[in-house]
Amino acid sequence: QWYQRRVAITAGVLALDVSHDARYVAIITSNNVFKVWDWTHETDDPIHKEELESGQQLQLVFNPHSSFELMSISADEVVFYHFNEEKLTVHIPDLPEKDFNRNIGNFSGCAFMPNSSEALTTSRDGTVTVFSRFQKAENEAIKRVTKIVVLTDEPLTTVIQYDKSLMAVGSTDGSVRFYDEQLRLKNWYHSFHAGSILSVSFAGGAAKDVISFEVDATVPTESNLEATPFRICDFVVCTEQSIVCHVPSYTDKVEEILHEHNDEIKAIAAHPTSHLVALGSYCGLLKIWDYKNKKVVFKRAFGMGREITALAYDHIGEFLTVGFYHGTILVLDSVTLEVIEGGKLSYAKAIISELAFSHDSMFLAATDIQFTTTVFRRTTNTAKKWGYIGRYRAHYKPIVKLLFGVALDSNVPRLLTLGEDRNLVEYDLVNSTEDNLVILSTEKMEQSAVPVSCAWYPPIQKEHFLLIANTEYKYKLYNATTKRCRKTLLGPTHGSYIRKLVNISYEEVCLRNVFLKLCTSH
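Residues numbered from 1 in each chain as written. Predicted model: local features only at pLDDT ≥ 70, side-chain atom pairs only at ≥ 80, totals over all residues. Heavy atoms only, no water.

1. Here we look at the overall build of the chain
Scanning the chain for helices and strands turns up 1 helix and 42 strands. Taken over the C-alpha trace, the chain has a radius of gyration of 31 Å; the compact-globule value for 522 residues is 24 Å, which it surpasses by more than 25%. On the principal axes, the C-alpha backbone points of the chain span a range of 95 × 60 × 55 Å. Buried positions account for 48% of the 522 residues belonging to the chain. Put simply, of all contacts in the chain between residues at least 6 apart along the chain, 44% involve residues at least 24 apart. (Helix = DSSP H or I, 4+ residues; strand = E, 2+ residues; numbered from the N terminus. Rg over C-alpha atoms; globule rule 2.2 N^0.38 Å. Buried < 20%, exposed > 50% of the residue type's maximum accessible area, 1.4 Å probe, protein only. Contact = heavy atoms within 4.5 Å.)

2. Things to note about the sheet that holds strand β36 (residues 436-444)
A sheet is described by the order of its strands in space; here 4 strands give the open sequence β33-β34-β35-β36, paired in antiparallel fashion. The open sheet terminates on both sides in strands that have one partner only, identified here as β33 (399-406) and β36. Across the sheet, the mean angle from the axis of one strand to that of its neighbour is 25°, orientation sign disregarded. Pairing geometry for β33 and strand β34 (residues 413-419), over 7 bridges, is antiparallel. Paired with valine 406 across the two strands is proline 413, which belongs to β34. (Pairing = 2+ DSSP bridges. Axes fitted to C-alpha atoms, helices over the stretch in contact; angles between N-to-C directions.)

3. Quick look at the sheet that holds strand β37 (residues 451-456)
Hydrogen bonds between backbone groups are what pair the strands of a sheet, and the pairing can be parallel or antiparallel. With respect to topology, 4 strands assemble into an open sheet ordered β37-β38-β39-β40, the strand pairing being antiparallel. A single partner strand is all that each edge strand has here, and the edge strands are β37 and β40 (485-490). Taking each pair of neighbouring strands and ignoring which way they run, the sheet shows an average axis angle of 20°. Examined bridge by bridge, strand β38 (residues 465-470) and strand β39 (residues 474-479) share 5 bridges and lie antiparallel to one another. Bridging from a neighbouring strand, isoleucine 468 pairs with lysine 476 of β39.

4. A look at the nonpolar core
Counting 19 residues, the largest nonpolar core has Phe178, Phe192, Ile232 and Phe235 as its most contacted members. For this core, the secondary-structure elements that each account for two or more residues are β14 (166-171), β15 (176-179), β17 (197-202), β18 (235-239) and β19 (243-247). Those residues within four positions of phenylalanine 178 in sequence are excluded, and the remaining contacts are Leu166, Met167, Ala168, Arg184, Leu185, Lys186, Asn187, Tyr189, Phe202, Phe230, Ile232 and Phe235. (Core = buried A, V, L, I, M, F, W, Y, C linked by side-chain atoms within 4.5 Å.)

5. Digging into the side chain of lysine 483
Along the chain, the position of lysine 483 falls in the loop between β39 and β40. What makes lysine 483 buried here is its relative accessible area of 8%. One polar contact links lysine 483 to glutamate 426, side chain to side chain, over a distance of 3.1 Å. Apart from the residues within four sequence positions on either side, lysine 483 is in contact with Arg414, Leu416, Leu424, Glu426, Ser441, Glu443, Met445 and Tyr478. (Polar contact = N/O pair within 3.5 Å; in protein donor to acceptor, adjacent residues only side chain to side chain.)

6. What about the environment of tryptophan 188?
With respect to the element layout, tryptophan 188 can be found in strand β16 (residues 185-189). Each C-alpha atom, one on tryptophan 188 and one on valine 176, is 5.5 Å from the other, the two residues being 12 residues apart in sequence.

7. Section: the pairing of strand β23 (residues 285-290)
Summarising burial for β23: 5 of the 6 residues are buried, a large majority. Here strand β22 (residues 276-281) folds back onto β23 in antiparallel fashion, the turn holding 3 residues, of which glycine 284 has a positive phi close to 85°. Bridge count for β23 against strand β24 (residues 295-301) is 6 bridges, and the pairing is antiparallel. When the bridges of β24 are listed, leucine 285 appears paired with alanine 301.

8. Things to note about the side chain of threonine 29
Summarising the element assignment, threonine 29 is placed in strand β2 (residues 24-29). Taking relative accessible area as the criterion, threonine 29 reaches 1% and is therefore assigned buried. Those residues in contact with threonine 29, other than ones at most four positions away along the chain, are Ile9, Ala11, Gly12, Val13 and Leu14.

9. Some points on the pattern of salt bridges
In this structure the tally under the stated criterion is 19 salt bridges. Note that glutamate 140 is salt-bridged to lysine 143, the shortest N-O span being 3.5 Å. A salt bridge links arginine 184 to aspartate 180; the shortest N-O distance between them is 2.8 Å. The class of arginine 184 is partly exposed, set by a relative accessible area of 47%. With relative accessibility at 6%, the residue aspartate 180 sits in the buried group. Through salt bridges with shared partners, a single network forms among Glu69, Arg133, Glu140 and Lys143. (Salt bridge = Lys/Arg side-chain N within 4 Å of Asp/Glu carboxyl O.)

10. Looking at the packing of aromatic side chains
This model, assessed by the stated rule, comprises 20 aromatic pairs. Residues phenylalanine 178 and phenylalanine 202 carry aromatic rings whose centres are separated by 6.0 Å and whose planes lie at 65° to one another, so their mutual orientation is edge-to-face. Residue phenylalanine 178 is found in strand β15, and its partner phenylalanine 202 is found in strand β17; the two are separated by 24 residues along the sequence. The residues phenylalanine 178 and phenylalanine 202 share a single accessibility class, namely buried. Measuring from ring centre to ring centre gives 6.0 Å for tyrosine 282 and tyrosine 325, while their planes differ by 85°; the resulting arrangement is edge-to-face. Pair noted here: tyrosine 282 is in the loop between β22 and β23 and tyrosine 325 is in the loop between β26 (319-324) and β27 (329-333), with a separation of 43 residues, a long-range link. Exposure remark for tyrosine 282: the relative accessible area of 22% places this residue in the partly exposed category. A relative accessible area of 39% means that tyrosine 325 is categorised as partly exposed. One aromatic cluster is present, formed by Tyr162, Phe178, Tyr189, Phe202 and Phe235 through successive ring pairs. One residue, arginine 306, lies across the ring of phenylalanine 324, its end atom 4.7 Å from the ring centre. (Phe/Tyr/Trp six-rings, centres within 6.5 Å; stacked < 30°, edge-to-face > 60°. Lys NZ or Arg CZ within 6 Å of the ring centre and 35° of its normal.)

Laid out in structure tokens, this is it:
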């Protein structure tokens, strides 16, 4: 059964922890105020409150062996707390760097040592700082630095006490190491391959409760000469790459249970025939999301340094193209997400800003932030399905839209680019050959305003139109053949001007369901 109590807090919460007997809840607010509540009291007021004279706190933990003792850390300070019904003691110990002849600080985690009154902090320099109680101190809050131990050359990121006998320490190399109360290494897990460890959490139960396995079972062993079995409960880790991994107690094998984007999602593309949408982010993660059944159906991690900036499906959903920050384009099988034969296209040298296929999926075009357009043609060569046609820097300002269309009264594809230089450039795909991308025409579309997007106007009339939106909140209809303006309309003037404009039903036969999709900055 769950119980709910609401407590009014005027500031945000930076750190929170609950005592192991579930009686006390302590927090540190964004204005650096420490508060602790006793849930057995009927009042909603904290039993103690103290404004801290230290830097912004990063973590707050209770002592697993004493519900009246806590500690917290900032980047360069450690704060100890001890309370009873009448009094709260707050102590910030000195960090005697001269005594230890090294810098003390840059803390990343804190915990209380098992089976002792000591506490420790982990640091970004791979060391732990141990704090012990003064012999004549009035309570456990009065501690001082007693030793500094170098655990590893890698920066340490988190620490947690497990089973009253072990300390689990995470680091930036993606490892979780286990130490006893004397900081002797017992075992470590280093097969995550998922980035820096941010947190570790154990399943309920103690190590002694882990069942015994057969002799031939793959059980990790301790780092000693006897190689005794190292038995712990199942645990999960969360990493800097937004990956959550599960480690069963009987093995050192890792199971990935969740992988999310940990950076901006810069690219999105909808499947033309299925209820799927592709999402790509700057962390190099590509996910295919089923928006009907609300689940991820496929995913692929390209890794750090492979930032995804553009995505596009072809018109039958056979291929999914991915554009990257460094200019590479990959043509993937839309089901397996594997690169097709000859599907790595490395011609651009700058960030790919947009990708598009022609209506018959015979042409693939890409634009980059160096104002250049690159075009590929589908071939019959099974070893190289996409042949290079050419690149052309037809604009001197950023390209705002890459657009394929169909020539009037024919099935010949048209390719146009619209730039902030106010030029609409059309390319001659019919007469272009390898290493020779031909420009058919260049037209100045605006005098003072800057175009921001364009789309084909729905074919509800015999005349073929191109719809262009600009920074003056206007829509303009241009004849698609003569490039002459036929009509100007004032769009919504609230918020910002239109940033993107898409015709989402251009190829529909039934014109009763024709819509334009647009977005603004606000």
